[in-house]
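# Close look at the chain arrangement
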Amino acid sequence: VMRLESPSGYDAKMELWTNGVERFEFGVDESDSNKFKIGPNMGNSAMEIASSKVTTFKAEVDVTDKLTVSASLIPKISLEEAGSDVYEISSDSNEFCIRNATNATDDFKLNDGDASFSGSATISGNLIAEGKGELRSTKLSTIENALFRLSELPLNESSMPSTSTIEARFNQGD
């Protein structure tokens, strides 16, 4: 057991040196709510852990294998930038969600194979829907240069095969 104690008003810290130059230090910063800090120096820390266990990384975090986020309720990652909307990425049961937390809207949901968007979806390439299903819009106002291909539709006409492909192309002005 090693114990490092400092008098009141001083930080309890350890310094790591190589070739006569201080490279890193870690310890408890008494002047900053007794946070545990690691970095080139206590005033320029790369990581801080508060007594509440909230951990702050002050630079990029490189993950070389995998990053696991778990929680007792709903695991989520919050993406925040000063002056911008806050977005959350979460997973709950069978649902994956990208949520605008500022506006309280689910912008994208993936639930048991079904995807939904709360706004517009801009597709610069092809949109291909394969298998059985539907492409539906309740607020479709314009279609420009769109191609819809519906495959594997069951048809009841006796003169047609049991499955077929229907293709419809819509151009501006059609």
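Residues numbered from 1 in each chain as written. Predicted model: local features only at pLDDT ≥ 70, side-chain atom pairs only at ≥ 80, totals over all residues. Heavy atoms only, no water.

## Digging into the sheet that holds strand 3 (residues 35–39)
Hydrogen bonds between backbone atoms are what pair the strands of a sheet, whose relative direction is either parallel or antiparallel. One open sheet holds the 5 strands; their spatial order is 1-2-3-4-5, and the pairing between them is antiparallel. Each of the sheet's edge strands pairs with one partner strand only, and the pair in question is strand 1 (12–18) and strand 5 (55–57). Neighbour-to-neighbour, the strand axes of this sheet turn through a mean angle of 15°, independent of strand direction. Pairing analysis gives 7 bridges linking strand 1 to strand 2 (residues 21–29), with the strands arranged antiparallel. Looking at strand 2, one finds that Thr 18 is bridged to Val 21. (Pairing = 2+ DSSP bridges. Helix = DSSP H or I, 4+ residues; strand = E, 2+ residues; numbered from the N terminus. Axes fitted to C-alpha atoms, helices over the stretch in contact; angles between N-to-C directions.)

## Focus: the packing of aromatic side chains
Using the criterion set out here, one finds 3 aromatic pairs in the structure. Taking 6.4 Å as the distance between ring centres and 70° as the angle between the ring planes, the aromatic pair formed by Phe 96 and Phe 108 counts as edge-to-face. One end of the pair, Phe 96, is in strand 8 (residues 95–100); the other, Phe 108, is in strand 9 (residues 105–111), and 12 residues separate them in sequence. (Phe/Tyr/Trp six-rings, centres within 6.5 Å; stacked < 30°, edge-to-face > 60°.)

## With respect to the pairing of strand 7 (residues 87–92)
Both strand 6 (residues 76–79) and strand 7 contribute to a ladder of 4 bridges, which runs antiparallel. Paired with Leu 79 across the bridge in strand 7 is Tyr 87. With antiparallel pairing between neighbouring strands as the criterion, strand 7 and strand 8 make up a hairpin whose turn holds 2 residues, including Ser 93 at a positive phi of roughly 55°.

## Section: unusual backbone geometry
Residue Ser 33 is not a glycine yet carries a positive backbone phi of 55°. Position of Ser 33 relative to the elements: it lies in the loop between strand 2 and strand 3. Here Ser 33 falls in the exposed class, since its relative accessible area comes to 57%. In this structure, Ala 104 takes a positive phi of about 55° despite not being glycine. (Buried < 20%, exposed > 50% of the residue type's maximum accessible area, 1.4 Å probe, protein only.)

## With respect to the pattern of salt bridges
Under the definition given, this model contains 13 salt bridges. For Glu 5, the salt bridge is made with Arg 3, and the minimal N-O distance between the two is 2.8 Å. The residues Glu 5 and Arg 3 share a single accessibility class, namely exposed. Here Asp 32 and Lys 35 are joined by a salt bridge, their closest N and O atoms 3.7 Å apart. By relative accessible area, which is 23% here, Asp 32 ends up partly exposed. Through salt bridges with shared partners, a single ionic network connects Asp 29, Asp 32, Lys 35, Lys 37, Glu 48 and Lys 58. (Salt bridge = Lys/Arg side-chain N within 4 Å of Asp/Glu carboxyl O.)

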